[in-house]
Amino acid sequence: MDFLNFLEFKITDVIDIVLVAALLYYIYKLVKGTVAINIFIGIVIVWALWKLTELIQMKMISSMVGGFMNIGLIALIIVFQQEIRKFLLMIGSTNFASKRSFIRHFKFLRQEALPGDTNVEAVVAACEKMSSTKTGAIIVIERTNSLDFVKITGDSMNIEITQPILESIFFKNSPLHDGAAIIQDNYITATRVILPVSNDRNIPLRFGLRHRAAVGITEKTDAICLVVSEETGSISYIKDGEFAPFKGLEELTQFLRKDLE
């Protein structure tokens, strides 16, 4: 039967499906937790309906939905402007040369932690101490996207992470305290880094430039940020351009471990 010809799979069809699934997965990761996630799900549903009506040869509804999808492409580019920029930046700046970044995509092959894994406990402990003394700090943890484009604005470092080192960097009288510290794997790779500041007007006014800079870098890359407020001593966890609430330092440690897997 000609109708069942679509069931005849070739190796190229399998590759096609895998690539589309991977693309949809990365797009979903970009918009997850944002308002755009609902739009993304709606687009997927409409697209699936379009292909279903084409398959069963419902020509009228198929042409209507197809026309909507074609005309709506320009509108979608406008709506997803920020996400498209982040997606292209992710592709262009991903450090494929990093063994850790490559293996991270194949979690099922990992039987134990890589030796370069970030010392999350030391980072959280340093934030806790700086919080108690109201010492302002902004720590950026690099994931798959390279942060070389912001590292060049600061001082290059190669120091293994410890709690005292992090505290000394952001000590008020330290020459390194102004700006952000960049962490890659288990090393501080740059200090006094100038980050792009977000223009998002939805950020509450009580948050200053440190928080806006943290939002800015997490909007443009998949990095995650920890910010200690100099005014209140509160610790903020920021990823994907959003503030991620947590109930305590133990939960913050769990979030960090999960996001750095």
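As the structure is a prediction and not an experimental result, all values here were calculated from the model.

Any chance you could break down the overall build of the protein for me, citing the residues and the numbers?
Helix and strand content of the protein: ten helices and seven strands. Residues counted as buried form 38% of the 261 residues belonging to the protein. For the protein, contacts bridging at least 24 residues in sequence account for 62% of all contacts bridging at least 6. Carbon and sulfur atoms provide 63% of the accessible area of the protein, an area that totals close to 15,900 Å².

Got a sec to walk through the side chain of glutamate 142? Specific residues and values, please.
By secondary structure assignment, the location of glutamate 142 is in the loop between β1 (137-141) and α7 (148-151). Exposure remark for glutamate 142: the relative accessible area of 4% places this residue in the buried category. For glutamate 142, the side chain forms a polar contact with the side chain of lysine 151, separated by 3.1 Å. In contact with glutamate 142, not counting residues within four places along its chain, are Leu147, Lys151, Ile182, Ile183 and Gln184.

I'd like to hear about the nonpolar core, residue by residue, with values.
With 26 residues, the main nonpolar core has Ile139, Leu226 and Leu256 as its most contacted residues. Sorting the residues of this core by element identifies α6 (120-132), β1, α8 (163-169), β3 (180-184), β5 (224-228), β6 (235-239) and α10 (249-259) as the ones contributing at least two each. Sort the elements by how many residues they give to this core and α6 lands first, with seven residues. Setting aside residues no more than four positions away along its own chain, leucine 256 makes contact with Val120, Val124, Ile141, Ile224, Leu226 and Tyr237. In this structure, Val193, Leu195, Ala223 and Ile238 belong to the second largest nonpolar core, which totals 19 residues.

Any details on the sheet that holds strand β4 (residues 187-193)? Residues and values, ideally.
Neighbouring strands of a sheet are bound in pairs by backbone hydrogen bonds; such pairs are parallel or else antiparallel. Ordered in space as β2-β4-β3-β1-β5-β6-β7, the seven strands form an open sheet in which the pairing is mixed. The sheet is open, and its two borders are formed by β2 (155-160) and β7 (242-243), each paired with just one other strand. Pairing geometry for β5 and β6, over five bridges, is antiparallel. Note that in β6 the partner of leucine 226 across the bridge is tyrosine 237. Sheet strands touched by helix α9 (residues 209-220): β1, β5, β6 and β7. Its angle to β5, the strand with the most contacts, is close to 175°. Contacting β1, β5 and β6, α10 crosses the sheet at an angle of about 20° to β6.

An account of the packing of α6 against α10 is requested, with residue identities and associated values reported.
Two elements in contact, α6 and α10, have axes whose closest approach is 10 Å; the angle formed by their N-to-C orientations is 140°. Here α10 runs oblique to α6, going by the angle between their axes. In terms of crossing hand, the pair formed by α6 and α10 is right-handed. For the pair formed by α6 and α10, the contact residues are Val120, Glu121, Val124 and Glu128 on the first element and Leu249, Leu252, Thr253, Leu256 and Arg257 on the second. A breakdown of the residues in the contact of α6 with α10 according to their chemical character gives five nonpolar, one polar and three charged.

Tell me about the pattern of salt bridges, residues and numbers included.
Counted under the stated rule, the structure contains six salt bridges. Taking the shortest distance from any N to any O, the salt bridge between glutamate 121 and arginine 257 comes out at 2.0 Å. Separated by 136 residues along the polypeptide, glutamate 121 in helix α6 and arginine 257 in helix α10 bring together distant segments of the chain. By relative accessible area, glutamate 121 is classed as partly exposed at 39%. Salt-bridge contacts for aspartate 259 lead to lysine 239; the nearest nitrogen and oxygen are separated by 3.1 Å. One end of the pair, aspartate 259, is in helix α10; the other, lysine 239, is in strand β6, and 20 residues separate them in sequence. When salt bridges with common partners are traced through the structure, they connect Glu142, Asp148 and Lys151 into a single cluster.

Would you mind going over the side chain of arginine 143 in detail, with residue names and values included?
The topology assignment puts arginine 143 in the loop between β1 and α7. Lacking a salt bridge, the buried arginine 143 has aspartate 222 as its closest oppositely charged neighbour, with an N-O distance of 4.4 Å. Within the structure, arginine 143 has its side chain in polar contact with the backbone oxygen of aspartate 259 (distance 2.9 Å).

So what's going on with the confidence of the model for the protein? Which residues, and what values?
Fine structural detail should not be taken from predicted coordinates in areas where pLDDT scores are low. Per-residue confidence for the protein averages 79 on the pLDDT scale, and 74% of its residues sit at or above 70. Low confidence marks residues 96-115, where pLDDT is under 50. Its contacts with residues over four positions away, or in another chain, come to 20 contacts.

Basis of the calculations
Residues numbered from 1 in each chain as written. Predicted model: local features only at pLDDT ≥ 70, side-chain atom pairs only at ≥ 80, totals over all residues. Heavy atoms only, no water. Helix = DSSP H or I, 4+ residues; strand = E, 2+ residues; numbered from the N terminus. Buried < 20%, exposed > 50% of the residue type's maximum accessible area, 1.4 Å probe, protein only. Contact = heavy atoms within 4.5 Å. Areas by Shrake-Rupley, 256 points an atom, 1.4 Å probe, with all protein chains shown as cover. Polar contact = N/O pair within 3.5 Å; in protein donor to acceptor, adjacent residues only side chain to side chain. Core = buried A, V, L, I, M, F, W, Y, C linked by side-chain atoms within 4.5 Å. Pairing = 2+ DSSP bridges. Axes fitted to C-alpha atoms, helices over the stretch in contact; angles between N-to-C directions. Parallel < 35°, antiparallel > 145°, perpendicular 65-115°, else oblique. Left-handed = near helix turned anticlockwise from the far one by under 90°. Nonpolar A, V, L, I, M, F, W, Y, C, P; charged D, E, K, R; others polar. Salt bridge = Lys/Arg side-chain N within 4 Å of Asp/Glu carboxyl O. Lys, Arg positive; Asp, Glu negative; His and termini not counted. pLDDT = per-residue confidence, 0-100.

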